[in-house]
There are 6 protein chains.
Amino acid sequence: MPTPEPFAGSSRFDGRTPAELRPVALERGWSMHAEGSVLISFGDTRVLCTASFTEGVPRWRKGSGEGWVTAEYAMLPRSTNTRGDRESVRGKIGGRTHEISRLIGRSLRAVIDFKALGENTVVLDCDVLQADGGTRTAAITGAYVALADAVAWGRRNKLIKSRATPLTGTVAAVSVGIVGSVPLLDLCYEEDVRAETDMNVVCTGDGRFVEVQGTAEGEPFARAELDALLDLAVGGCAQLDGLQREALEGDR
Amino acid sequence: MPTPEPFAGSSRFDGRTPAELRPVALERGWSMHAEGSVLISFGDTRVLCTASFTEGVPRWRKGSGEGWVTAEYAMLPRSTNTRGDRESVRGKIGGRTHEISRLIGRSLRAVIDFKALGENTVVLDCDVLQADGGTRTAAITGAYVALADAVAWGRRNKLIKSRATPLTGTVAAVSVGIVGSVPLLDLCYEEDVRAETDMNVVCTGDGRFVEVQGTAEGEPFARAELDALLDLAVGGCAQLDGLQREALEGDR
Amino acid sequence: MPTPEPFAGSSRFDGRTPAELRPVALERGWSMHAEGSVLISFGDTRVLCTASFTEGVPRWRKGSGEGWVTAEYAMLPRSTNTRGDRESVRGKIGGRTHEISRLIGRSLRAVIDFKALGENTVVLDCDVLQADGGTRTAAITGAYVALADAVAWGRRNKLIKSRATPLTGTVAAVSVGIVGSVPLLDLCYEEDVRAETDMNVVCTGDGRFVEVQGTAEGEPFARAELDALLDLAVGGCAQLDGLQREALEGDR
Amino acid sequence: MPTPEPFAGSSRFDGRTPAELRPVALERGWSMHAEGSVLISFGDTRVLCTASFTEGVPRWRKGSGEGWVTAEYAMLPRSTNTRGDRESVRGKIGGRTHEISRLIGRSLRAVIDFKALGENTVVLDCDVLQADGGTRTAAITGAYVALADAVAWGRRNKLIKSRATPLTGTVAAVSVGIVGSVPLLDLCYEEDVRAETDMNVVCTGDGRFVEVQGTAEGEPFARAELDALLDLAVGGCAQLDGLQREALEGDR
Amino acid sequence: MPTPEPFAGSSRFDGRTPAELRPVALERGWSMHAEGSVLISFGDTRVLCTASFTEGVPRWRKGSGEGWVTAEYAMLPRSTNTRGDRESVRGKIGGRTHEISRLIGRSLRAVIDFKALGENTVVLDCDVLQADGGTRTAAITGAYVALADAVAWGRRNKLIKSRATPLTGTVAAVSVGIVGSVPLLDLCYEEDVRAETDMNVVCTGDGRFVEVQGTAEGEPFARAELDALLDLAVGGCAQLDGLQREALEGDR
Amino acid sequence: MPTPEPFAGSSRFDGRTPAELRPVALERGWSMHAEGSVLISFGDTRVLCTASFTEGVPRWRKGSGEGWVTAEYAMLPRSTNTRGDRESVRGKIGGRTHEISRLIGRSLRAVIDFKALGENTVVLDCDVLQADGGTRTAAITGAYVALADAVAWGRRNKLIKSRATPLTGTVAAVSVGIVGSVPLLDLCYEEDVRAETDMNVVCTGDGRFVEVQGTAEGEPFARAELDALLDLAVGGCAQLDGLQREALEGDR
């Protein structure tokens, strides 16, 4: 890995202000087969999120009356600047992939009422078609919309029988980081590789936290820096929450 | 698998005539990272083909002065009507995936002059985003265009030094089959599952064969049927050849 | 791989005429354990085919009243000129092995009436003890005889209860190819590595096609060449059909 | 998983106050073979941490003049209440194992000066012999001490040639969580399964953050709760830092 | 592997006489979770043996009224002088590990009455924490004690219902070998690498053989040498049998 | 596994006396490709042993001036009474296979002078075509002959340059066991499943031991029984040694 050049100047790599998201687009119903699907983009990052709704639950949950939601994340081999080996060809899933799949699953389960879902399973597949930083946060944000569509599908098709809604809230995620000592919202790849501190934050629509994962890539970070990053992230998630609501308002 | 209902009526499932292709679209330059990329669609089938150009060749070919071209095919889990397990999660690649990856690689190598390519490697990744029959033939047809772009990139960037062009011809592929005793061109999924005979044909732009793979799904097929299918396929490949040329004419 | 020297002279490497098979031998009952078994040789190619008959079917077929036939192909490590790694040691099955196993299974299923077989399974194991070209076609031709013996065993042991015979026809396979512009039947290894076009054809005893798989190894092939190869293959399969019948006539 | 009974009463499960660590012991030099080794216990949690110092670095780092530090975490099958399958027997590493191994490696690399380490590699193996909550934080805390011993060994044996010390600081980790609405330090297993929010915090000896990983197991958590947890964690890490220093003061 | 220097002098590497065991310690109840557990040491070799008692048996044994006992052996990566790769990371278990796991299982099953055990399973995990020769024999000797404790636990908890005791005898194991032409008992690592012949012997408390595994590492061995080794081993096992009884007499 | 009926009568299952081998046949030169090959049969047990001679040695041995000999054992899926899964399909090698491969390799290495072999490698592949007990001992006995042929090939082809012969002796193996309290030589499958004690013995032509592996399948065995088995085995190996010499005397 070549050492990135220092990040100079007061404005960001792509001209944004520190607290500005990249352009975000949510294309619902991208797939003809899936019960819910969204092609989400955060700038040049594009993730195809599909939600597969099936009756029944994994064996360990049978008879519980409760449903299940899980997620799988993957990157296409040439979604990145240099081609990566396929994990199917290597015969095993890497640690990063595992970690992100688990993060997405936990984030969505935080807003699901499993009793209301009933013994149904929703699997979210988040496949990165093009990567430019923030793939995991785009995946969570898009997967929520795909999940909402799949849940609506389940209700229309009478597979969800409960009166209560299985969705107890909304969830979105964004990355924040400190680049050249400046706290920034929604890092693109060029910022990400220069970040001294990198944090992914998952919030509900009412501004509470589902996940906070902060890592010092270089110098350890001080409490004040952590606080500044959390402020930025909460603001970013609130904006994403608005975009999700807009996307879900349109008829499908 | 439910038994499909008999295919009735004289016109096709989607109103096409027997020798008619589905609408084909080739979106070049879909990926910002890859040296060549195409999002190809044959009707509802959509395959993202990226070509990754790298200097150097696999170890067994080093010092030969010749290049290499290879391909990997995969389906996103929910590209199909019901979700399939990820091969990365199962830890191994299935026979069908292997078979199609090899077919795509062989088909493209048929139009490559490895001496002219020099010691460079092009890897074609064909990822099915949505499947509705004919994914392998769409993959070959799209991969050729991505390959042509990657070769042009290699020449622009002086990595290909030979005066001769590495591309000795063009290649496209189409499926044909017998459904309800009628030979049809470019089967969609609903036709494919009803087909008595299923054939994939890969042709060069000058109408010769690179691959012919015909399989009796039900009754064995007679020589006359085989001949009729080959006629249809040659015609279909000629049309695809025209579409490839058109796509490659536009500036990128 | 060293480049083979050009194939010179009008007669073949081993003195055969273009449309001549190598000596074919079928040794039935080679294994004391299997319900059907044949050691087949096509010249120096030797494949041990065993058919294992078991009551019951895979889970996805239970309760259907229908049986199942499947096949696995493999090569002993030193069946070839240079030793190959064991697939069990590498921990995965290669694409070629997968492809051939699937081809053998499809070919045999083409002549099976699953209703008549009842809920029984026959697994064909085709292990190449010595390879000299044409291993997959020898495997199919031998496996048919082993299958016929296993079906007879199933009937003798009252596991097949239907009056109808599960075998709806016979099946044999042969390779053909163009070497030095001459279409040849049943290529040995030395011919196979020189072939410009290589084709495997699976026919039923009544001369219809089950599988046609043709590949241009060098130059793409013209329609007239394809036709000549198909003619040769049909003739070769008819001869093999005769040899299978002879083998099956002898008491066991 | 049985639902745990509500956690009642004002004092903790094992009588501790909310901000109290379990008894921590660090047994240095536990292994006769490793260049550094510590058997660490946080209450009933026991992790054997060994540091293996070797000359040379992984291929991707050769010639850089910089060293490398990495970690692997694993649990013995019966370190937990019910026996878990061995990952070696299952043939793959689970997501949780991957995630924790990566966390430990990152945490230690945060206090390493790779230039000063020179082209040497230290591998930290953290094997959980007995688990009672907090295994990953005990692993990090113990691994730091083993790493310090391995670095000292490398200097004594002239494999580290730089005058600068490769250790730029100290690092320790602790878990915190909200149980029954009360923020608690260093959760044992019984508290962990009842926790509404669970957080692992890795700090340097000067009180800055290397990693913050907070997860809402039930209800999302508010900013004030997050702040209270961070306060507890910083205090806990400071105590652990003192214990590490004490352990390292003794002659070995 | 460096060639070891010749083993000189009349006394052994560590001062023992030829027929002397290393100091053996058996620490019962080392694990808070397992139904039986022992940390056994043979000199510097330390193996943690845990016995996990569960109701039920593997599928192939269901309904037989008989129980099952099995074992898994593994080495921590840095239990040896140079770090070994984790088998979980390599994705497969090596031949040596397999072989030893099977040996331990067979040895313990030799003293189990499966009818008396009833449909219960005991899994013995033998994890080598530190290796200095004789790990498999230490594992067998320790596992017997853990097994005895697990069986006692099963009886106390009414899961073993038979009046007959499931343990039909005791079992212990020791290594012997010829080093510098001298037959020696209980080889440490330094002796083991110099041994011309290496033998592992598993005996019951009444002096009969459960397993004898002798291997010529250099020269083949004569019958007289084999006899001398067997004499030594029988004596060593008798001493170990005494130590096992002592350990089991103490209250737990 | 059904419990076998007690073995009654004074003569053996197949009429042999206790110290009688089954008919043994050694068919040299069975494979056209391998440098050495033997189809060996011990009664109905048939093992194809091929020896592959290649220049060069594994990486860990390069520059040592010494060669290497290794072995791989496998069973064809239907070599046994009921079909076993292929290890290549399961994706991993079982413990028994591993164990036997290692045993064969060690046995052959016992009669090899690696200096005289020079930096060449011989791989022995022992594939069981049909199993009726004693497959590992037949494999060792046959592999020795294939190895001798490969060594002769290496010398004829000037790849072995040393004057000294790489073969320092001969090696053969046989099974012995106690069935119905009677010690028997060379157990067939029906005897093997009834054996109380089962032992495999590998001897050199001069009557010394290379490996002794005895296992109590039921009751532990006494020293007198062990002695009787060793006597039988030594006699059996001497007979096999004669048959090996005879086989190797014929010109090839």
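The rules behind the values
- Residues numbered from 1 in each chain as written.
- Chains lettered and ligands numbered in written order.
- Predicted model: local features only at pLDDT ≥ 70, side-chain atom pairs only at ≥ 80, totals over all residues.
- Heavy atoms only, no water.
- Pairing = 2+ DSSP bridges.
- Helix = DSSP H or I, 4+ residues; strand = E, 2+ residues; numbered from the N terminus.
- Least-squares fit on C-alpha atoms with pLDDT ≥ 70 in both.
- Contact = heavy atoms within 4.5 Å.
- Axes fitted to C-alpha atoms, helices over the stretch in contact; angles between N-to-C directions.
- Parallel < 35°, antiparallel > 145°, perpendicular 65-115°, else oblique.
- Left-handed = near helix turned anticlockwise from the far one by under 90°.
- Nonpolar A, V, L, I, M, F, W, Y, C, P; charged D, E, K, R; others polar.
- UniProt positions renumbered as here; feature names shortened; annotations may be inferred.
- Salt bridge = Lys/Arg side-chain N within 4 Å of Asp/Glu carboxyl O.
- Buried < 20%, exposed > 50% of the residue type's maximum accessible area, 1.4 Å probe, protein only.
- Phe/Tyr/Trp six-rings, centres within 6.5 Å; stacked < 30°, edge-to-face > 60°.
- Lys NZ or Arg CZ within 6 Å of the ring centre and 35° of its normal.
- pLDDT = per-residue confidence, 0-100.
- Buried area = accessible area lost by both parts, 1.4 Å probe.
- Polar contact = N/O pair within 3.5 Å; in protein donor to acceptor, adjacent residues only side chain to side chain.
- Expected span 1.5 Å × (residues − 1).
- Disulfide = S-S within 2.5 Å.

Engineer: How should I be thinking about the pairing of strand β7 (residues 182-185) of chain D in this particular structure?
Structural biologist: Strand residues, when the strand is regular, have side chains that alternate between the two faces of the sheet. Residues and elements named next belong to chain D. The sheet contact formed by strand β6 (residues 171-179) and β7 spans four bridges and is antiparallel. Residue I178 lies in a different strand from β7, and its bridge partner there is P183. Linkage of β6 to β7, two consecutive antiparallel strands, is achieved through a turn of two residues, within which G180 is found at a positive phi near 55°.

Engineer: Any chance you could explain the relation of the copies chain B and chain A here in plain terms?
Structural biologist: One copy of the chain maps onto the other through a rotation about an axis plus a displacement along that axis. Between chain B and chain A, which share one sequence, the superposing operator has a rotation angle of 180° and an axial displacement of 0.0 Å; the RMSD is 0.0 Å. As the rotation angle and translation indicate, the two copies are arranged about a two-fold axis. When each C-alpha of chain B is compared by its distance to the rotation axis, S88 of chain B comes out closest, at 1.8 Å. Counting the interface residues of chain B, we find that 100% of their copies in chain A are interface residues as well, pointing to one common contact surface.

Engineer: Looking at this structure, how should I read the packing of helix α4 (residues 135-156) of chain F against helix α6 (residues 223-249) of chain F?
Structural biologist: For any two helices packed against each other, one specifies the inter-axial angle together with the distance between the axes. Residue and element names in this part refer to chain F. At a minimum axis separation of 10 Å, α4 and α6 run at an interaxial angle of 30°. Judged on the interaxial angle alone, α6 and α4 are roughly parallel. Taken as a pair, α4 and α6 cross one another with a handedness that is right-handed. Between α4 and α6, the residues in contact are T141, Y144, V145, A148 and D149 and L240, Q244 and L248, respectively. Of the residues contributing to the contact of α4 with α6, the split by class is five nonpolar, two polar and one charged.

Engineer: Can you help me understand the UniProt feature "domain: Exoribonuclease phosphorolytic" (unreviewed entry) in chain A in this one?
Structural biologist: Residues and elements named next belong to chain A. The sites that UniProt annotates as "domain: Exoribonuclease phosphorolytic" (unreviewed entry) are residues 20-150 and 170-234. Spanning residues 20-150, this segment combines 30% helix with 32% strand, and its end C-alpha atoms are found 30 Å apart. Helix makes up 25% of residues 170-234 and strand 45%, whereas the separation of the span's terminal C-alpha atoms amounts to 14 Å.

Engineer: Help me understand the pattern of salt bridges, please; the structure alone is not making it clear to me.
Structural biologist: Proximity of charged atoms lets side chains of opposite charge pair with each other. Per the counting criterion, the structure on display carries 144 salt bridges over all chains. Of the charged contacts in the structure, one is a salt bridge between K115 of chain A and E66 of chain A, with a shortest N-O distance of 3.5 Å. A residue pair is termed long-range when its members are at least 10 positions apart, and K115 of chain A in helix α3 (residues 114-117) and E66 of chain A in the loop between β3 (45-55) and β4 (68-75) qualify at 49 residues. R12 of chain B is the partner of E191 of chain B in a salt bridge, and the nearest nitrogen-oxygen pair spans 2.7 Å. You can see E191 of chain B sitting in helix α5 (residues 189-192) and its partner R12 of chain B sitting in the segment before β1 (24-28), a full 179 residues away along the chain.

Engineer: What am I meant to see in the pairing of strand β5 (residues 120-130) of chain F here?
Structural biologist: Residues and elements named next belong to chain F. Summarising burial for β5: eleven of the eleven residues are buried, a large majority. Across eight bridges, strand β4 (residues 68-75) lies against β5 in parallel orientation. For W68, the partnering residue across the bridge sits in β5 and is T121.

Engineer: Whenever I open this one, the packing of aromatic side chains confuses me. Can you help?
Structural biologist: In this description, an aromatic ring pair is defined by two values, namely the gap between the centres and the angle between the planes. Within the structure shown, the criterion is met by 24 aromatic pairs over all chains. The structure contains a cluster of three or more aromatic residues connected by ring pairs, namely W60, W68 and F114 of chain A. The ring of F114 of chain B carries the charged tip of R61 of chain B above its face, separated from the ring centre by 4.7 Å.

Engineer: Explain the confidence of the model for chain A to me, please; I cannot follow it from the model alone.
Structural biologist: When pLDDT is averaged along chain A, the result is 93; 95% of the residues meet or exceed 70. Under the prediction, the complex receives an ipTM of 0.92, its pTM being 0.91.

Engineer: Explanation requested: the interface of chain B and chain A in the structure shown.
Structural biologist: How big an interface is tends to be stated in terms of accessible area lost as the parts join. Chain B puts 35 residues into the contact, and the matching count from chain A is 35 residues. Overall, the association of chain B and chain A removes approximately 2,900 Å² of surface from exposure, summing both partners, and the carbon and sulfur fraction of that is 52%. Summed over the three residues of chain B that lose the most area to chain A, namely W30, H33 and R78 of chain B, the buried surface amounts to 24% of that side. Linking chain B with chain A are twelve salt bridges, by the criterion used here.

Engineer: Would you take a moment to explain the UniProt feature "binding site: phosphate" (unreviewed entry) in chain A for this structure?
Structural biologist: All names here are of chain A. Under the UniProt annotation, "binding site: phosphate" (unreviewed entry) lies at R96, G134, T135 and R136. Spatially, the listed residues are clustered: although they cover 41 residues, their C-alpha atoms lie within 13.5 Å of one another. As for its position among the elements, T135 is in helix α4 (residues 135-156). Those residues in contact with T135 that sit more than four places away from it in its chain are T45, V47, Y73, R96 and V128. Separated by 2.6 Å, the side chains of T135 and Y73 make a polar contact. In this fold, R136 is placed in helix α4. Those residues in contact with R136 that lie beyond four places of it in its chain are Y73, R96, I100, L103, N200 and Q213.

Engineer: Would you explain the sheet that holds strand β6 (residues 171-179) of chain A in this entry?
Structural biologist: Two strands in a sheet stick together by hydrogen bonds in their backbones, pointing the same way (parallel) or opposite ways (antiparallel). Ordered by their spatial adjacency, eight strands build an open sheet running β7(A)-β6(A)-β8(A)-β9(A)-β9(D)-β8(D)-β6(D)-β7(D), and the pairing between neighbours is antiparallel. Strands with a single pairing partner mark the edges of an open sheet, and in this sheet they are β7 (182-185) of chain A together with β7 of chain D. Strand-to-strand, the axes of this sheet are offset by a mean angle of 15°, without reference to chain direction. Alignment of β6 of chain A against strand β8 (residues 197-204) of chain A, held across eight bridges, turns out to be antiparallel. Along β8 of chain A, the bridge assignment pairs V171 of chain A with T204 of chain A. Along the sheet, α4 of chain A contacts β6, β8 and β9 (209-216) of chain A; its crossing angle with β6 of chain A, the most-contacted strand, is approximately 165°. Its contacts with the sheet put helix α6 (residues 223-249) of chain D on β9 of chain A together with β6, β7, β8 (197-204) and β9 (209-216) of chain D, and the angle it makes with β6 of chain D is roughly 145°.

Engineer: Would you mind going over unusual backbone geometry with me for this structure?
Structural biologist: What you tend to see is this: most non-glycine residues have negative phi, and most peptide bonds are trans. Its identity as a non-glycine residue notwithstanding, D186 of chain B has a phi of 55°, on the positive side. Relative to the elements of secondary structure, D186 of chain B occurs in the loop between β7 (182-185) and α5. You will see that S181 of chain F, though not glycine, has its phi angle at about 70°, which is positive. Here S181 of chain F is to be found in the loop between β6 (171-179) and β7 (182-185).

Engineer: Can you help me understand α4 of chain F in this one?
Structural biologist: Residue and element names in this part refer to chain F. For α4, which comprises 22 residues, the first-to-last C-alpha distance of 31 Å matches the rise-based estimate of 32 Å (1.5 Å per residue) to within 8%. For α4, a buried count of 18 out of 22 residues is recorded, marking the element as mostly surrounded by other parts of the structure. K158, located one to two residues past α4, shows a positive phi value of around 60°.

Engineer: Can you walk me through the state of the cysteines in this structure?
Structural biologist: Put plainly, two cysteines are in a disulfide when a covalent bond ties their sulfur atoms together. For the coordinates displayed, the defined rule picks out zero disulfides over all chains. We note that C49 of chain D lacks a disulfide partner, and the nearest cysteine sulfur, in C126 of chain D, lies 4.1 Å from it. Counting only cysteine sulfurs, C237 of chain E is the nearest neighbor of C188 of chain E, a cysteine outside any disulfide, at a range of 18 Å.

Engineer: Would you mind showing me how to read the sheet that holds strand β2 (residues 36-42) of chain B here?
Structural biologist: Residues and elements named next belong to chain B. Pairing within the open sheet is mixed, and its five strands lie in the order β1-β2-β3-β5-β4. In the strand order of this sheet, the two ends are held by β1 and β4 (68-75), each with one partner. Strand-to-strand twist across the sheet, computed as the mean angle between neighbouring axes with direction ignored, equals 15°. Bridge analysis of β2 against strand β3 (residues 45-55) gives seven bridges, and the strand direction is antiparallel. Paired with L39 across the strands is L48, a residue of β3. Against the sheet, helix α4 (residues 135-156) makes contact with β1, β2, β3, β4 and β5 (120-130), and its axis sits at roughly 30° relative to β3, the strand it touches most.

Engineer: Mind showing me how you'd approach the side chain of Q244 of chain E here?
Structural biologist: Its location among the elements puts Q244 of chain E in helix α6 (residues 223-249). Look past the residues within four positions of Q244 of chain E in its chain and what remains in contact with it is L26, T141, Y144, V145, V171 and A172 of chain E.

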